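Close look at the chain arrangement
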Amino acid sequence: QVQVVESGGGLVQAGGSLRLSCAASGRTFSMYAMGWFRQAPGKEREFVATIRWNGGNTDYADSVKGRFTISRDNAKNTVYLRMNSLKAEDTAVYYCAVAVGFWSDYVNQYQYDYWGQGTQVTVSS
């Protein structure tokens, strides 16, 4: 079992920045990747960014490339999502997830095994 806890959400004006954190605990040695997804009101949950636990390879959704940066601190079993130039359409509940299986990529929800409770990000225009 891996426990996942997000933090760092809040209200920010358009053009502003936020940093989300996600701490994993438990059987963290089994992690292959950690990722961020988001769900806006009335929409399906969508992929945002992911980072491989070994090697640090990253992938981003096209909608956030150049604005969001995912990083990790292996010693703390924590992943971060730095969000710059925020837009109103970035408003959503952001979820952190852990994958313990090996895949060629980590951009789909079904590839993740453990999820956090989510943190709200609201961008005012």
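Above this text is the structure in question.
Residues numbered from 1 in each chain as written. Predicted model: local features only at pLDDT ≥ 70, side-chain atom pairs only at ≥ 80, totals over all residues. Heavy atoms only, no water.

1. Topic: the sheet that holds strand β7 (residues 68-73)
Quick reminder of the rule: Strand pairing follows a simple DSSP-based rule, namely that at least 2 bridges must link the two strands. Here a helix means four or more residues in a row that DSSP labels H or I, a strand means two or more in a row labelled E, and each is numbered from the N terminus. Angles shown run from 0 to 180 degrees and are taken between the N-to-C directions of axes, each axis being a line fitted to C-alpha atoms and, for helices, limited to the stretch in contact.
Spatial strand order, β1-β3-β8-β7: 4 strands in an open sheet with antiparallel pairing. Each edge of the sheet is formed by a strand with only one pairing partner; in this case those strands are β1 (2-7) and β7. On average, each strand axis in the sheet is inclined to that of its neighbour by 15°, with strand direction left out of account. Two strands pair when backbone bridges link them, and β1 and strand β3 (residues 18-26) are joined in this way by 6 bridges, in the antiparallel orientation. Counterpart to Val4 in the pairing with β3 is Ala24.

2. Details of the environment of Cys22
Defined as follows: Here, residues are in contact when the closest pair of their heavy atoms is within 4.5 Å.
Counting through the fold element by element, Cys22 comes out in strand β3. Placed 16 residues apart in sequence, Cys22 and Glu6 show a C-alpha to C-alpha distance of 4.3 Å. Once residues lying within four places of it in the same chain are set aside, the contact partners of Cys22 are Val4, Val5, Glu6, Met34, Trp36, Asn77, Thr78, Val79 and Cys96.

3. Points about the nonpolar core
For the record, the criterion: What is meant by a nonpolar core is a set of buried Ala, Val, Leu, Ile, Met, Phe, Trp, Tyr and Cys residues, joined one to another through side-chain atoms within 4.5 Å. Three exposure classes are used, based on accessible area relative to the maximum for each residue type with a 1.4 Å probe and protein chains only: buried under 20%, partly exposed in between, and exposed over 50%.
Judged by nonpolar contacts, the single largest core of 36 residues is most densely connected at Met34, Trp36, Leu81, Met83 and Tyr94. Looking at this core, the elements with two or more residues in it are β1, β3, β4 (33-39), β5 (46-52), β7, β8 (78-83), β9 (92-99) and β11 (119-124). Examining the composition of this core, we find that 6 residues originate from one element, β9, more than from any other. Filtering out sequence-adjacent residues up to four positions away, Leu81 remains in contact with Leu18, Arg19, Leu20, Trp36, Val48, Ala49, Phe68, Thr69, Ile70 and Tyr94.

4. Some remarks on the pattern of salt bridges
Here is the rule: Here, a salt bridge means any side-chain nitrogen of Lys or Arg that lies within 4 Å of a carboxyl oxygen of Asp or Glu.
All told, the structure shown has 4 salt bridges when counted by the stated rule. Between Arg38 and Glu46 there is a salt bridge whose closest N-O contact spans 2.7 Å. Using a relative accessible area of 5% as the deciding quantity, one classes Arg38 as buried. When its relative accessible area of 38% is taken as the criterion, Glu46 is described as partly exposed. Asp62 is the salt-bridge partner of Lys65, the closest N and O atoms lying 3.2 Å from each other. By relative accessible area, Asp62 is classed as exposed at 65%.

5. Some details on unusual backbone geometry
Its identity is not glycine, yet Asn77 carries a phi of approximately 50°, on the positive side. Turning to its location among the elements, Asn77 is positioned in the loop between β7 and β8.

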